[in-house]
Amino acid sequence: EFLQILPELKRSFAAMDQDGDGHLTVDELVHAPVSIRHALSKYIDEAAMNELFEMIDIDNSGSVDSDEFCDGIGNIVKAECPKELLRTLKQLQGIRRELAELKSSWLLLESKQLATLTSAAGHPNSRMSPDSCRV
C-alpha cells in the first residue's frame, strides 16, 4: 500500500513546501491547501495536522525533508496499532529525550559547582576550609 501512495506523497510534499527549501515546517503543513490536508486526513484527523507533524518529525528538528515526510506517513500507514498509540509513543520518546537532556545539564551543573567549591576550599585567601564542608 505504501509504494502505491509514495508518488502522491511526494507531489503533496512539493505542493506544501511553500518556500521551496526542500523542507516542510509545521506551519507549511497546517496551511497546506485544503485538498492536500483532506488527502492526509486518511492517516490522521484533518484538524490534527500539528500532531501529524510531531509524529513524522522523527529527529524533532522542526522541519522534515521529503524522505522524512514520506517515511513518517509510511510508518503510520504500515502501523499495526492505533494512531493514538503511535502519537503517545512519540510523545514518550520526546519526554525521555528531554529527561536525558535535563540529567546531562544537571550533572554538568553539579560538576561545575563541585569544581568551584573545590577550588575555593583550596585557595589560600578563601574563607572555606575542608572542615567547613562537613555535614
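A brief structural summary. What you see is a predicted model; the values in this text were computed from it and never measured. (Residues numbered from 1 in each chain as written. Predicted model: local features only at pLDDT ≥ 70, side-chain atom pairs only at ≥ 80, totals over all residues. Heavy atoms only, no water.)

Time to look at the overall build of the protein chain. Of the regular secondary structure elements, the protein chain holds 6 helices and 2 strands. Scanning the protein chain from its N terminus toward the C terminus, one meets helices and strands in the order α-β-α-α-α-β-α-α. Nonlocal contacts in the protein chain, meaning residues at least 24 apart in sequence, comprise 52% of its contacts between residues at least 6 apart. Here the protein chain has roughly 9,200 Å² of accessible surface; of this, 56% comes from carbon and sulfur atoms. (Helix = DSSP H or I, 4+ residues; strand = E, 2+ residues; numbered from the N terminus. Contact = heavy atoms within 4.5 Å. Areas by Shrake-Rupley, 256 points an atom, 1.4 Å probe, with all protein chains shown as cover.)

Another aspect to go through is helix α4 (residues 49-56). Considered for burial, the residues of α4 that qualify are Met-49, Leu-52, Phe-53, Met-55 and Ile-56. Down the axis, α4 shows its buried residues gathered within 160 degrees of arc, on one side only. (Buried < 20%, exposed > 50% of the residue type's maximum accessible area, 1.4 Å probe, protein only. Arc of directions from axis to C-beta.)

Right, let's talk about helix α5 (residues 66-78) for a bit. Here α5 is 13 residues long and its end C-alpha atoms lie 18 Å apart, about the 18 Å a rise of 1.5 Å per residue gives. Where α5 is concerned, the buried positions are Glu-68, Phe-69, Cys-70, Gly-72, Ile-73, Gly-74, Ile-76 and Val-77. If you check the start of α5, you find a side-chain oxygen 3.2 Å away from the backbone N of Asp-67, and it comes from Asp-65. (Expected span 1.5 Å × (residues − 1). Polar contact = N/O pair within 3.5 Å; in protein donor to acceptor, adjacent residues only side chain to side chain.)

With 24 residues, the main nonpolar core has Leu-9, Met-16, Leu-29, Leu-40, Leu-52, Phe-69 and Ile-73 as its most contacted residues. Of all the secondary-structure elements, those providing two or more residues to this core are α1 (2-16), α3 (34-40), α4 and α5. Phe-69 has contacts with Leu-9, Phe-13, Met-16, Leu-24, Leu-40, Ile-56 and Val-64, leaving out every residue within four places of it along the chain. (Core = buried A, V, L, I, M, F, W, Y, C linked by side-chain atoms within 4.5 Å.)

As a further point, take unusual backbone geometry. With phi around 55 degrees, Asn-60 is a residue other than glycine that occupies positive phi space. As for its placement among the helices and strands, Asn-60 is situated in the loop between α4 and β2 (63-65). Judged by relative accessible area, which is 35%, Asn-60 ranks as partly exposed.

In the structure shown here, the tally under the stated rule is 1 aromatic pair. Taken together, a centroid distance of 5.7 Å and an interplanar angle of 50 degrees make the contact between Phe-13 and Phe-69 tilted. Remark: Phe-69 occurs in helix α5 and Phe-13 occurs in helix α1; sequence separation between them is 56 residues. (Phe/Tyr/Trp six-rings, centres within 6.5 Å; stacked < 30°, edge-to-face > 60°.)

Among the structural elements, Leu-24 can be located in strand β1 (residues 23-25). Once the C-alpha coordinates of Leu-24 and Glu-68 are considered, the two residues, 44 residues apart in sequence, prove to be 9.7 Å apart. Residues in contact with Leu-24, not counting those within four places in the same chain, are Phe-13, Met-16, Asp-17, Leu-29, Phe-53, Gly-62, Ser-63, Val-64 and Phe-69.

As for its placement among the helices and strands, Ser-63 is situated in strand β2. A relative accessible area of 18% means that Ser-63 is categorised as buried. Residues contacting Ser-63, with those up to four places away along its chain left out, are His-23, Leu-24, Thr-25, Phe-53, Asp-57 and Glu-68.

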